[in-house]
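Notes for the structure review
Here's the letter readout for the chains.
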Amino acid sequence: MGCRERAAKSALLRIVADGDECVPDPRGTLPGRGAYMHPVTVCLDLAVRRRAFPRAFKAKGPFDSAALQRYVERVTP
């Protein structure tokens, strides 16, 4: 979603829309339409800047990405 590079599904983080926010789904079990991106800050920043979340979820935005930002900062070394 962010950098638009292809990668194995296991190397990507699934993101799900929960109301008006983007929620990380590392196990891939949450219901709903999911979008995938690399779990790094650079890709997240690109996705936010490009307003990719409304297109990926096929829903009206904007989506709050604060929870997603916290998760990516915690996971990234």
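Structure report, in brief. Predicted model only: the values in this text are computed from it and were never measured.

Here the focus is the side chain of Asp25. Tracing the backbone shows Asp25 in the loop between strand E2 (21-24) and strand E3 (34-37). Of the polar contacts made by the side chain of Asp25, one reaches the backbone nitrogen of Leu30; its length is 3.0 Å.

In this section: the packing of helix H1 (residues 41-49) against helix H3 (residues 66-75). Relative orientation of the contacting elements H1 and H3 amounts to 160 degrees, with a least axis distance of 10 Å. Relative to H3, H1 is oriented roughly antiparallel. The element H1 and its partner H3 pack so that their crossing is left-handed. The residues of H3 that touch H1, namely those facing Thr41, Leu44 and Asp45, are Leu68, Gln69 and Val72. Among the residues forming the contact of H1 with H3, the class breakdown is three nonpolar, two polar and one charged.

Counting residues in hydrophobic clusters, the biggest one holds 14 residues, and the most contacted among them are Ile15, Cys22, Leu44, Phe53, Phe57, Leu68 and Val72. Every element with two or more residues in this core is listed here: strand E1 (13-18), E3, H1, helix H2 (52-57) and H3. Once residues lying within four places of it in the same chain are set aside, the contact partners of Phe57 are Ile15, Val16, Ala17, Cys22, Arg33, Gly34, Ala35 and Phe63.

Moving on, we get to the environment of Gly61. Here Gly61 lies in the loop between H2 and H3. The spatial distance from the C-alpha of Gly61 to the C-alpha of Gly2 is 16 Å, given a sequence separation of 59 residues.

One pass over the full model with this rule turns up two aromatic pairs. Summarising the aromatic geometry, the rings of Phe53 and Phe57 are spaced 6.2 Å apart at their centres and angled 15 degrees between planes, so their arrangement reads as stacked. Here Phe57 and Phe53 lie together in helix H2, a separation of four residues that amounts to about one turn. Assigned by exposure class, Phe53 and Phe57 land together as buried. Between Phe57 and Phe63, the ring centres sit 5.4 Å apart and the planes meet at 75 degrees, which makes this aromatic pair edge-to-face. Each member of the pair, Phe57 as well as Phe63, is classed as buried. A network of ring pairs unites the aromatic residues Phe53, Phe57 and Phe63 as a single cluster.

Conventions adopted
- Residues numbered from 1 in each chain as written.
- Predicted model: local features only at pLDDT ≥ 70, side-chain atom pairs only at ≥ 80, totals over all residues.
- Heavy atoms only, no water.
- Helix = DSSP H or I, 4+ residues; strand = E, 2+ residues; numbered from the N terminus.
- Polar contact = N/O pair within 3.5 Å; in protein donor to acceptor, adjacent residues only side chain to side chain.
- Axes fitted to C-alpha atoms, helices over the stretch in contact; angles between N-to-C directions.
- Parallel < 35°, antiparallel > 145°, perpendicular 65-115°, else oblique.
- Left-handed = near helix turned anticlockwise from the far one by under 90°.
- Contact = heavy atoms within 4.5 Å.
- Nonpolar A, V, L, I, M, F, W, Y, C, P; charged D, E, K, R; others polar.
- Core = buried A, V, L, I, M, F, W, Y, C linked by side-chain atoms within 4.5 Å.
- Buried < 20%, exposed > 50% of the residue type's maximum accessible area, 1.4 Å probe, protein only.
- Phe/Tyr/Trp six-rings, centres within 6.5 Å; stacked < 30°, edge-to-face > 60°.

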